[in-house]
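Examining the three-dimensional arrangement
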Amino acid sequence: MSIQRNPTRPVTIGSITIGDGNPIAVQSMTATKTQDVDATVAQAEALRERGAGVVRIAVDSAKDAEALAEIRKRTTANLAVDLQENFRLAELVAPHVDKIRYNPGHLYHHGRDMTWQDKVRYLIDLAGTNGCAVRIGVNCGSVDPAKKEKYAADDSITPMLESAFEHCELVDSLGFHQFVVSLKDSDPTKVVEVNRRFAEQRPDVPLHLGVTEAGMPPEGIIKTRIAFEQLIGKGIGDTVRVSLTLPNPRKPEEIDAGREIVDDVYAGRVRSVVRFDDTKLNIISCPSCSRVENEAFVDLAANVKEMTEYAKDFAITIAVMGCRVNGPGETDDADLGLWCGPAKVNLKKGEEALGAFSYDEILPKLKAELDALIAEKTGSAAGV
Ligand code: SF4
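Residues numbered from 1 in each chain as written. Predicted model: local features only at pLDDT ≥ 70, side-chain atom pairs only at ≥ 80, totals over all residues. Heavy atoms only, no water.

A tally of helices and strands in the protein chain yields 12 helices and 15 strands. Radius of gyration (C-alpha) of the protein chain: 20 Å, near the 21 Å computed for a compact globule of 384 residues. Projected onto the principal axes, the alpha-carbon positions of the protein chain cover approximately 60 × 45 × 45 Å. Classification of the 384 residues of the protein chain by burial places 57% in the buried group. The contacts in the protein chain between residues at least 6 apart in sequence include a share of 69% that link residues at least 24 apart. Counting every atom, the protein chain has about 15100 Å² of accessible surface; 51% of that belongs to carbon and sulfur. (Helix = DSSP H or I, 4+ residues; strand = E, 2+ residues; numbered from the N terminus. Rg over C-alpha atoms; globule rule 2.2 N^0.38 Å. Buried < 20%, exposed > 50% of the residue type's maximum accessible area, 1.4 Å probe, protein only. Contact = heavy atoms within 4.5 Å. Areas by Shrake-Rupley, 256 points an atom, 1.4 Å probe, with all protein chains shown as cover.)

Spelled out as structure tokens, the structure:
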């Protein structure tokens, strides 16, 4: 299947170049604790050996940054650092990575005496000095509040686009062109829409595609495939990540899934006739990373999937998130949401907090809320 790729710029990330018609790079992110250098090196190497073009690592503290410097010495993977709240850590990590990802929606947390423009200039200066590429990574659950409040609550796409375009314009004005953009949502149809609309206006900017919190296989792969087939098939997308909730030893399956989808699209083996069925139960869960508050998260997500099987025919979305950084925001749009703390799991119904419960108590609490929701929807008690 010949695909007319968008005329994106070439962006070099360590030993690879994406964009400008180069092969679509498949990437992943380590879910080990960054300060556990041995475990993180082992996972980065496993991902590299499985074909990861880029391996991303979360850094949230100076101690994480120290560990990253050590990890750099022990892997030849192209490394990207994931900065969420603390952009100032960039100066500690830039010398040790090939790419810096920042989230426009989290820049406001630190440096309240600085404008967002100054924070971006600071990041771009560091990237330029250290030969790093940059990703402007916009996520549906952490969109810049200043953008979100300008639009209707049910319009999640326009604020994401406005945030991305604004950051692109500023970075362009700084004469820096080694950057890519990502626009992620947990709903594949929104991922298609937001990336298509971005590429229409900025066909020159390479795109990192992903359905965020896609969940556990096989559903997580199916959701991702639906979005990727429709975008890559139209020449949109220069690097991809399949975000799957998996135990650490199985993390390289993200690379297999990404590789298979890209190869299938190019071979014309597409299944996009499959519509994302939003009339059924939808479990969204994050792929975990170094920020996960409790290692029990991956098992919790699997237990939620198992326990809620009886409700599979109800149009209900349940979100299971690993930490406080993206948990609270990413669960707002779900009917029921769980986000993990070190000892307790926070239960929400939409934006309403229902309390924090121990890891042993949370499943029965969730089931009670799910039964109540089903009763609300059907006017009769469901549950078994
Ligand atoms: S929700 Fe937290 S633990 Fe999960 S991937 Fe996002 S940052 Fe990592």
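Attention now moves to the sheet that holds strand 14 (residues 344-349). Taken in spatial order, the five strands make up an open sheet running 11-12-13-14-15, and their pairing is mixed. The open sheet terminates on both sides in strands that have one partner only, identified here as strand 11 (282-285) and strand 15 (352-358). With direction set aside, neighbouring strand axes in the sheet form an average angle of 15°. Looking at chain direction, strand 14 and strand 15 are connected through six bridges and run antiparallel. By the bridge assignment for strand 15, Asn346 is matched with Ala356. (Pairing = 2+ DSSP bridges. Axes fitted to C-alpha atoms, helices over the stretch in contact; angles between N-to-C directions.)

With that out of the way, let us pick up the UniProt feature "binding site: [4Fe-4S] cluster" (unreviewed entry) in the protein chain. Sites flagged by UniProt as "binding site: [4Fe-4S] cluster" (unreviewed entry) map to Cys286, Cys289, Cys323 and Glu330. Apart from residues lying up to four places away in sequence, Cys286 is in contact with Glu213, Thr245, Phe297, Val320, Met321 and Gly322. Within the secondary structure, Cys289 is located in the loop between strand 11 and helix 10 (297-307). Among the residues examined, Cys289 registers a relative accessible area of 12% and is labelled buried. Beyond its immediate sequence surroundings of up to four residues, Cys289 is in contact with Met29, Thr30, Ala31, Thr32 and Ala58. (UniProt positions renumbered as here; feature names shortened; annotations may be inferred.)

Let's shift gears to the domain arrangement of the protein chain. Here the protein chain is partitioned into domain 1 (11-267) and domain 2 (292-378). Here the C-alpha centroids of domain 1 and domain 2 sit 26 Å apart. Counting residues at the interface gives 17 residues for domain 1 and 13 residues for domain 2. Each partner contributes to the roughly 1200 Å² buried at the junction of domain 1 and domain 2, and carbon and sulfur atoms together form 48% of this total. Among the residues of domain 1 in contact with domain 2, Lys33, Glu213 and Met216 are the three that bury the most area, contributing 34% of the side total. The tally of links between domain 1 and domain 2 comes to two salt bridges. Glu219 is the partner of Lys305 in a salt bridge, and the nearest nitrogen-oxygen pair spans 3.0 Å. Counting the contacts that link domain 1 with domain 2 gives seven residue pairs in polar contact (both at pLDDT 80 or more). Residues of the side of domain 1 that touches domain 2, tallied by class, amount to six nonpolar, seven polar and four charged. (Domains from an automatic or database assignment. Buried area = accessible area lost by both parts, 1.4 Å probe. Salt bridge = Lys/Arg side-chain N within 4 Å of Asp/Glu carboxyl O. Polar contact = N/O pair within 3.5 Å; in protein donor to acceptor, adjacent residues only side chain to side chain. Nonpolar A, V, L, I, M, F, W, Y, C, P; charged D, E, K, R; others polar.)

This part is about the UniProt feature "domain: IspG TIM-barrel" (unreviewed entry) in the protein chain. Per the UniProt record, "domain: IspG TIM-barrel" (unreviewed entry) is found at residues 8-255. Note that residues 8-255 is 39% helix and 18% strand, and that its end C-alpha atoms are spaced 23 Å apart.

Orientation of helix 4 (residues 116-130) relative to helix 6 (residues 157-173), taken along the N-to-C sense of each, is 55°, at an axis distance of 10 Å. Taken together, helix 4 and helix 6 sit at an angle that is classed as oblique. Two packed elements cross with a definite hand, and for helix 4 against helix 6 that hand is right-handed. Along the contact surface, helix 4 presents Trp116, Gln117, Val120, Arg121 and Ile124, while helix 6 presents Glu166, His167, Leu170 and Val171. For the contact of helix 4 with helix 6, the class distribution of residues is five nonpolar, two polar and two charged. (Parallel < 35°, antiparallel > 145°, perpendicular 65-115°, else oblique. Left-handed = near helix turned anticlockwise from the far one by under 90°.)

With that settled, the discussion passes to the pattern of salt bridges. With the rule as written, the count across this model stands at 36 salt bridges. In this structure, Asp313 engages Lys280 in a salt bridge whose closest nitrogen and oxygen atoms are separated by 3.6 Å. Placement of Asp313 in the loop between helix 10 and strand 12 (317-321) and of Lys280 in the loop between helix 9 (253-266) and strand 11 is noted, with a sequence separation of 33 residues between them. Assessed through its relative accessible area of 48%, Asp313 is described here as partly exposed. Taking the relative accessible area as the measure of exposure, Lys280 reaches 35% and is therefore partly exposed.

Another aspect to go through is the sheet that holds strand 3 (residues 25-29). Strand order in the closed barrel formed by eight strands is 3-4-5-6-7-8-9-10, and the pairing between neighbours is parallel. For this sheet, the mean inter-axis angle between neighbouring strands, taken without regard to orientation, is 25°. The strands touched by helix 9 are strand 3 and strand 10 (239-241); relative to strand 3, the strand with the most contacts, the crossing angle is about 155°.

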